Amino acid sequence: MVQEGSCTLSTDEAGYVLDRLAGMQQVISDEAIRQALADTGRVQKRLCRLTLEVTLWIVLAMGVLTDLPIRQVFKQARRMRCGEKSSDRSSLCVARQRLGVAPVRALFESTVHPLARPDTIGGFYKGLRLVGIDGAYHERWEEELTYDEQKTHQDPRRATKPAHLRSQTPAGVIQELYALSLAHFVIRALMFEAAESVHLDPERLSFTGCFQILKCRLPECVTHTPETFQTWYDNLLWEMQQELLPPRRNRINPRVIKQKIRKWPKKQPHHRPAPKLSKTFEDSVLIH
């Protein structure tokens, strides 16, 4: 993932520091990471374990491995080396602060884009891209499902994370939200490639199922040779293709809301006007 140079951590045979995240490079490249750092003036000036490039990959991994504390995210991202101590939580938190928000935002803006191509099933209608503008497209609930994917399934609560997000500072929260959105794009991009290769509508694949597959298979990624990596990637897409949902029902919904049941009676004419009070509220309260 990060080649040997300013980072003091050793690399594997293919030059990766965070070798267990290599599968994410199918969507976000090293060049995109370096460009985001360069565009925001984030230049590595000294040798260290947690360089800006390494830290940015760790932040992205936080968006996928949402059920793990940040120290375990680092362990999950890098294979064990005998005698090498893992970075502790405080070092990782300081590295996140040093990275800041700007590179993650720049990476989001340069990476995230509509995935559908003109020949994508369900992506275009009469040459025009279908988008989820509320009230203009009969499948507008798909955008609500996207919010549900990120908030409910991608970033659930855990025992060691009482709040919805792990970050405890305003800048950390913004950084984490960008990381979650980038990770969501990675998952969706892989699902898109899995569906395209078998001429399937991407909506037919389960986001939750594919998300769990990615978390399970990322540590198994083998980067020794291009052939072994391609085999891993092909197997990943095949497994995602098995996460089929039933076809969407052909339906429309009127723009109405259900009547809420209230325990209070409806206001009637005899309730108007309200009588004038002869004493204050405090004087009206009786304590026995």
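These numbers come from a predicted model, not from an experiment.

J.: For the overall build of the chain, give the residues involved together with the corresponding values.
T.: Summing up its helical and strand segments, the chain has ten helices and two strands in all. In the chain, the succession of α and β elements from N to C terminus is α-α-α-α-α-β-β-α-α-α-α-α. Taking all 288 residues of the chain together, 39% fall into the buried category. Sequence separation of at least 24 residues holds for 71% of the intrachain contacts in the chain that already meet a minimum separation of 6.

J.: Describe helix H2 (residues 52–64), with residues and values.
T.: In this model, H2 (13 residues) spans 19 Å end to end at C-alpha, consistent with the 18 Å of a helix rising 1.5 Å per residue. Counting buried positions over the 13 residues of H2 gives 13, a clear majority of the element.

J.: Can you explain the pattern of salt bridges? Please cite residues and give values.
T.: Enumeration according to the criterion identifies eleven salt bridges in this entry. When the shortest N-O distance is used, the salt bridge between Glu 176 and Arg 166 registers 3.9 Å. Of this pair, Glu 176 sits in helix H7 (residues 170–196) while Arg 166 sits in the loop between helix H6 (141–154) and H7; the two residues are ten residues apart in sequence, bridging distant segments of the chain. This pair shows no difference in class: Glu 176 is buried, exactly as Arg 166 is.

J.: Hey, could you go over unusual backbone geometry for me, with residue numbers and the actual values?
T.: Positive phi, close to 55 degrees, is recorded for His 199, a residue that is not glycine. When its relative accessible area of 69% is taken as the criterion, His 199 is described as exposed.

J.: Now, about the side chain of Gln 241: what can you tell me, with residues and values included?
T.: Tracing the chain through its elements places Gln 241 in helix H9 (residues 226–241). Setting aside residues up to four positions removed in sequence, Gln 241 forms contacts with Ala 194, Ser 197, Val 198 and Leu 205.

J.: Tell me about the nonpolar core, and please be specific about residues and values.
T.: In this structure, Leu 18, Leu 214 and Met 240 are the most contacted members of the largest nonpolar core, which totals 58 residues. Where this core is concerned, the elements lending two or more residues are helix H1 (30–39), H2, helix H3 (70–77), helix H4 (89–99), helix H5 (102–111), H7, helix H8 (207–217) and H9. For Leu 214, the contacting residues outside a window of four places in its chain are Val 64, Val 186, Ile 187, Leu 190, Leu 236 and Met 240.

J.: If you had to explain the packing of H1 against H5 to someone new, which residues and values would you point to?
T.: Interaxial distance between H1 and H5 falls to 8 Å at its minimum, and their mutual angle equals 125 degrees. Judged on the interaxial angle alone, H5 and H1 are oblique. Crossing of H1 over H5 shows right-handed handedness. Residues Ala 32, Ile 33, Ala 36 and Leu 37 of H1 lie in contact with H5, whose contacting residues are Pro 103, Ala 106 and Leu 107.

J.: Explain the packing of H2 against H7 residue by residue, including any values.
T.: Helices that pack against each other are described as a pair by the angle of their axes relative to one another and the distance between those axes. Where H2 contacts H7, the two axes come as close as 7 Å, and the packing angle between them is 70 degrees. Of the possible angle classes, the one that applies to H2 and H7 is roughly perpendicular. For the pair H2 and H7, the sense of crossing is right-handed. Residues Val 59, Leu 60, Met 62, Gly 63 and Val 64 of H2 form the contact with H7, whose own contacting residues are Gln 175, Glu 176, Ala 179, Leu 180, Leu 182 and Ala 183. A breakdown of the residues in the contact of H2 with H7 according to their chemical character gives eight nonpolar, two polar and one charged.

J.: So what's going on with the environment of Glu 149? Which residues, and what values?
T.: Relative to the elements of secondary structure, Glu 149 occurs in helix H6. When its relative accessible area of 8% is taken as the criterion, Glu 149 is described as buried. As a C-alpha pair, Glu 149 and Phe 207 span 58 residues in sequence and 7.1 Å in three-dimensional space. Beyond its immediate chain neighbours, meaning those up to four positions away, Glu 149 contacts Gln 154, His 184, Arg 188 and Phe 207.

J.: Explain the confidence of the model for the chain to me, and be specific about the residues and the numbers.
T.: Model confidence for the chain is summarised by a mean pLDDT of 85, while 86% of its residues fall at 70 or above. Mean pLDDT across the elements of the chain bottoms out in helix H10 (residues 281–284) (68) and peaks in H5 (97). Note that pLDDT drops below 50 for residues 1–5; the model gives that stretch 23 contacts with residues more than four away or on any other chain.

J.: Kindly report on the environment of Pro 103, identifying the contributing residues and their values.
T.: By secondary structure assignment, the location of Pro 103 is in helix H5. Counting along the chain gives 67 residues from Pro 103 to Ala 36, while the straight-line C-alpha distance between them is 5.3 Å. Among all residues touching Pro 103, those that are not within four sequence positions of it are Ala 36, Leu 37, Thr 40 and Arg 42.

J.: Can you lay out the packing of aromatic side chains for me, pointing to particular residues and giving the numbers?
T.: What characterises a pair of aromatic rings is the spacing of the ring centres plus the angle enclosed by the ring planes. Taken as a whole and judged by the stated rule, the model has three aromatic pairs. When the centroid spacing of 5.9 Å and the interplanar angle of 20 degrees are considered together, the rings of Phe 207 and Phe 211 count as stacked. Of the two residues, Phe 207 and Phe 211 are both situated in helix H8; the distance of four residues between them amounts to about one turn of the helix. Overall, the relative accessible area of 4% leaves Phe 207 in the buried class.

J.: Now, about the environment of Thr 223: what can you tell me, with residues and values included?
T.: As for its position among the elements, Thr 223 is in the loop between H8 and H9. For Thr 223, a relative accessible area of 8% gives the class buried. Remark: the alpha-carbon pair of Thr 223 and Glu 13, spanning 210 residues in sequence, is separated by 7.9 Å. Contact partners of Thr 223, with chain neighbours within four places excluded, come to Asp 12, Ala 14, Tyr 16, Asp 19, Ala 22, Thr 228 and Phe 229.

Conventions adopted
Residues numbered from 1 in each chain as written. Predicted model: local features only at pLDDT ≥ 70, side-chain atom pairs only at ≥ 80, totals over all residues. Heavy atoms only, no water. Helix = DSSP H or I, 4+ residues; strand = E, 2+ residues; numbered from the N terminus. Buried < 20%, exposed > 50% of the residue type's maximum accessible area, 1.4 Å probe, protein only. Contact = heavy atoms within 4.5 Å. Expected span 1.5 Å × (residues − 1). Salt bridge = Lys/Arg side-chain N within 4 Å of Asp/Glu carboxyl O. Core = buried A, V, L, I, M, F, W, Y, C linked by side-chain atoms within 4.5 Å. Axes fitted to C-alpha atoms, helices over the stretch in contact; angles between N-to-C directions. Parallel < 35°, antiparallel > 145°, perpendicular 65-115°, else oblique. Left-handed = near helix turned anticlockwise from the far one by under 90°. Nonpolar A, V, L, I, M, F, W, Y, C, P; charged D, E, K, R; others polar. pLDDT = per-residue confidence, 0-100. Phe/Tyr/Trp six-rings, centres within 6.5 Å; stacked < 30°, edge-to-face > 60°.

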